[in-house]
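The primary structure of each chain is shown beneath.
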Amino acid sequence: MKQENLKALFNPKSIAIVGASPDDQKIGGRPLSYLQRYGYEGAIYPINPKYDEINGLTCYPDILSVPGGIDLAIIAVPSSVVINTFKRCAEKKVRSVIIFSAGFAEVNEEGKKQQDEIALIAKQNNVSVLGPNCLGMFNVGKGVYGTFSTIIEDEKPLKSNIGFVSQSGAFGSHVFTLARQQNIGFSYFVATGNECDVNVADCIQFMAEDPG
């Protein structure tokens with residue numbers, strides 16, 4: 001099932017953004033902006049109780065209000081509400097989740113306990129989780145941009161058959177920038193962050209088995 005859920009993570013047919021914002025300079029605004037600007041063809045569901053509409057899309061108060069199934073949920077909310085948000089994703093039977101939020105095992109023991117709880121919920125509900133504390137990912141061929149990185153802010157990434165994965169978002173961004181300077185593109189770009197579930201090895205296996 002993990003490989004199936006990784007397909008939902010890297011090639012989702014529907015994406016919910018929890019903490020979505022109309023401001024493309026905010027962490028919850030960038031992925032929405034990238035998806036719309038760079039040609040994602042699947043369903044996009046902004047989630048934020050403050051808005052009825054964002055960027056021409058119906059905005060939902062919570063993920064349980066979204067009609068139909070969701071392959072990928074992007075969580076861009078403060079760490080204090082991540083666990084409850086993730087529980088709702090599990091209840092909705094979301095197949096994969098990206099957690100941008102920091103403040104977990106990388107900061108202190110309490111953060112580690114919360115991260116361990118996320119990992120347990122993921123395992124119990126068969127949800128693949130990228131993160132927490134991660135830069136996210138993108139799939140250039142499918143227009144999937146589950147990231148808040150500024151490295152693709154000014155232009156759409158070049159496409160190639162090279163997949164790239166890094167635990168560190170900073171290191172990954174540096175490599176991406178060097179590659180673009182040499183006109184080298186990527187098929188997939190992934191930064192795994194704290195790796196409470198999906199790790200670098202999982203991503204390499206997924207890419208190795210991908211015909212593209």
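The structure we're discussing is the one just above.
Residues numbered from 1 in each chain as written. Predicted model: local features only at pLDDT ≥ 70, side-chain atom pairs only at ≥ 80, totals over all residues. Heavy atoms only, no water.

A. Molecular detail of unusual backbone geometry. Cis geometry is found at the peptide bond from G131 to P132, where omega equals -5 degrees. Summarising the element assignment, P132 is placed in the loop between strand 7 (128-130) and strand 8 (136-139). Even without glycine at this site, N55 takes up a positive phi of about 50 degrees. Along the chain, N55 turns up in the loop between strand 3 (53-54) and strand 4 (57-58). What makes N55 partly exposed here is its relative accessible area of 38%. Unusually for a residue other than glycine, E195 sits at a positive phi of about 55 degrees. (Helix = DSSP H or I, 4+ residues; strand = E, 2+ residues; numbered from the N terminus. Buried < 20%, exposed > 50% of the residue type's maximum accessible area, 1.4 Å probe, protein only.)

B. Broad picture of the sheet that holds strand 9 (residues 144-147). The strand order across the open sheet formed by 4 strands is 9-8-11-10, and the pairing between neighbours is mixed. Since the sheet does not close on itself, it has two edges, and those belong to strand 9 and strand 10 (164-166), each with one partner. Here the strands of the sheet are splayed against their neighbours by 5 degrees on average, with no regard to which way each runs. Pairing of strand 8 with strand 9 involves 4 bridges; the strand directions are antiparallel. (Pairing = 2+ DSSP bridges. Axes fitted to C-alpha atoms, helices over the stretch in contact; angles between N-to-C directions.)

C. Here's a closer look at the sheet that holds strand 2 (residues 43-47). Pairing within the open sheet is parallel, and its 5 strands lie in the order 2-1-5-6-7. Strands with a single pairing partner mark the edges of an open sheet, and in this sheet they are strand 2 and strand 7. Direction aside, the axes of adjacent strands within the sheet are offset by 15 degrees on average. Judged from the 3 bridges that link them, strand 6 (residues 96-99) and strand 7 form a sheet pairing that is parallel. Note on strand 7: the bridge partner recorded for S96 is S128. Docked against the sheet, helix 3 (residues 82-91) engages strand 1 (14-18), strand 5 (72-75), strand 6 and strand 7, running at close to 170 degrees with respect to strand 5. (Contact = heavy atoms within 4.5 Å.)

D. Region of the structure containing a positive patch on the surface. A contiguous patch of positive charge, built from K13, K142, K156 and K159, is present on the exposed surface. Note that K13 resides in the loop between helix 1 (2-10) and strand 1. (Patch = residues over 30% accessible without salt bridge, like charges linked within 9 Å, V, L, I, M, F, W, Y side chains within 5 Å. Areas by Shrake-Rupley, 256 points an atom, 1.4 Å probe, with all protein chains shown as cover. Salt bridge = Lys/Arg side-chain N within 4 Å of Asp/Glu carboxyl O. Lys, Arg positive; Asp, Glu negative; His and termini not counted. Charge placed at Lys NZ, Arg CZ, Asp CG, Glu CD.)

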